[in-house]
Amino acid sequence: MSLTTAHSVVEPSRTSKRIAAAIVIVYALISIVPLFWIFATSLKTPPDSIAYPPKIVFQPSIEGYCNLFTTRTRQEPGYIENLPPATNFCDEVTRKRNMVIAGPSNFVPRFINSLVIAFGSTFCAVFLGTLTAYGFSRFKVPLADDLLFFILSTRMMPPIAVAIPIYLMYRELGLSDSALGMILLYTAVNVSLAVWLLKGFIDEIPREYEEAAMIDGYTRLHAFWKVVLPQATTGIAATAIFCLIFAWNEYAFAALLTSGEAQTAPPFIPQIIGEGGQDWPAVAAGTTIFLVPILVFTILLRKQLLRGITFGAVRK
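Residues numbered from 1 in each chain as written. Predicted model: local features only at pLDDT ≥ 70, side-chain atom pairs only at ≥ 80, totals over all residues. Heavy atoms only, no water.

Another point: the packing of helix α8 (residues 144–153) against helix α10 (residues 179–203). Between two packed helices, what matters for the description is the angle formed by their axes and the separation of those axes. Running from N to C, α8 and α10 point in directions that differ by 135°, and their axes come no closer than 8 Å. Between α8 and α10, the interaxial angle falls into the category oblique. Crossing of α8 against α10: the hand is left-handed. For the pair α8 and α10, contact is made by L148, F149, I151 and L152 and by S192, V195, W196 and K199, respectively. (Axes fitted to C-alpha atoms, helices over the stretch in contact; angles between N-to-C directions. Helix = DSSP H or I, 4+ residues; strand = E, 2+ residues; numbered from the N terminus. Parallel < 35°, antiparallel > 145°, perpendicular 65-115°, else oblique. Left-handed = near helix turned anticlockwise from the far one by under 90°. Contact = heavy atoms within 4.5 Å.)

And the structure:
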């Protein structure tokens, strides 16, 4: 009887559930509005994108995507009239503005740089973080608490506090404007987060499983590979998402340490200039495309992300 009474007290009422659901839905809709506005702006023409009051209903156009992927030069009307007929929409809309397409833009190389640097640093951070977390979890490390705090403290400093020393160091080492340099930097920043998250997950895996495997003849490394890693998959996936989000969105270090070959999309997109100023449809188009990989990756691993966020909230 007492268990039933306690259960009825803890269980929220139907009204409370409905109110909570309504709050979540409203919050989700408010959060989606900026993303929807960015996507809508990417389908506007440059005049519509700066219209006041803002246009809610407009004629969709892919001009922003054309401007994003191409570079254009202004030409005299006579020169444009003597050109062969336009072969695609981008060529046609560009000529209407007395310009011609001079070649591809730098967006695709910058986007590829983001993919290589973000996923490369995420892999390195999770790999090193998994090994370090396992060591702290399974072995008696001298001054373990102090070392863990020191590892975590590296994330307490704002990027601007270490930006100049890192810039000078990278210039001396020849790592400025290089993908390797950015991967090493993002790995160093993310590995502290990976260690702390993964240590908690590995602590939950009973030691008896590994001991039983080693009694059966497995080595420590083999037991780690066959026993610990499969059970830590959820934690590894959640950690990878958090590390990838930081590396994918990071702007300060990317703007300071890269300018050409290794420049990523975040510092490149705001620099897109159109006729007479900022080309907002092209900026919005670049932002929309930039959101896709991280959005897909997060959706695919959403269960693990939820587990990582709520870790430690409920204990059986």
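Read on, since the account is not over.
Moving on: the pattern of salt bridges. One pass over the full model with this rule turns up 7 salt bridges. A salt bridge links K55 to D48; the nearest nitrogen and oxygen atoms lie 2.9 Å apart. Here E210 and R138 are joined by a salt bridge, their closest N and O atoms 2.4 Å apart. On the criterion of sequence distance, the pair formed by E210 in helix α11 (residues 207–215) and R138 in helix α7 (residues 107–138) is long-range, its members being 72 residues apart. Comparing E210 with R138 shows no difference in burial state: the two are buried. One salt-bridge network, in which partners are shared between bridges, spans R138, E210 and R220. (Salt bridge = Lys/Arg side-chain N within 4 Å of Asp/Glu carboxyl O. Buried < 20%, exposed > 50% of the residue type's maximum accessible area, 1.4 Å probe, protein only.)

Here we come to the packing of aromatic side chains. Per the stated rule, a full pass over the model turns up 10 aromatic pairs. Relative to F139, the ring of Y134 lies with its centre 6.1 Å away and its plane at 80°, an arrangement referred to as edge-to-face. Looking at K44, its charged tip hangs above the ring of W37, at a distance of 4.7 Å from the centre. (Phe/Tyr/Trp six-rings, centres within 6.5 Å; stacked < 30°, edge-to-face > 60°. Lys NZ or Arg CZ within 6 Å of the ring centre and 35° of its normal.)

Bringing empty space enclosed by the protein into the picture now. Following the criterion strictly, the structure yields 1 cavity of 30 Å³ or more and no others. The volume enclosed by the largest cavity comes to roughly 30 Å³. Secondary structure elements with two or more residues in the lining of the largest cavity: α7 and α13 (233–249). Examining the composition of the lining of the largest cavity, we find that 3 residues originate from one element, α7, more than from any other. Taken together, the residues of the lining of the largest cavity sort by class into 5 nonpolar, 2 polar and 1 charged. (1 Å grid on protein atoms, 1.4 Å probe; cavity = no way out; pocket = protein on both sides within 12 Å on 5 of 7 lines; lining within 4 Å. Points joined across faces, edges and corners; volume = space filled by probe spheres on them. Nonpolar A, V, L, I, M, F, W, Y, C, P; charged D, E, K, R; others polar.)

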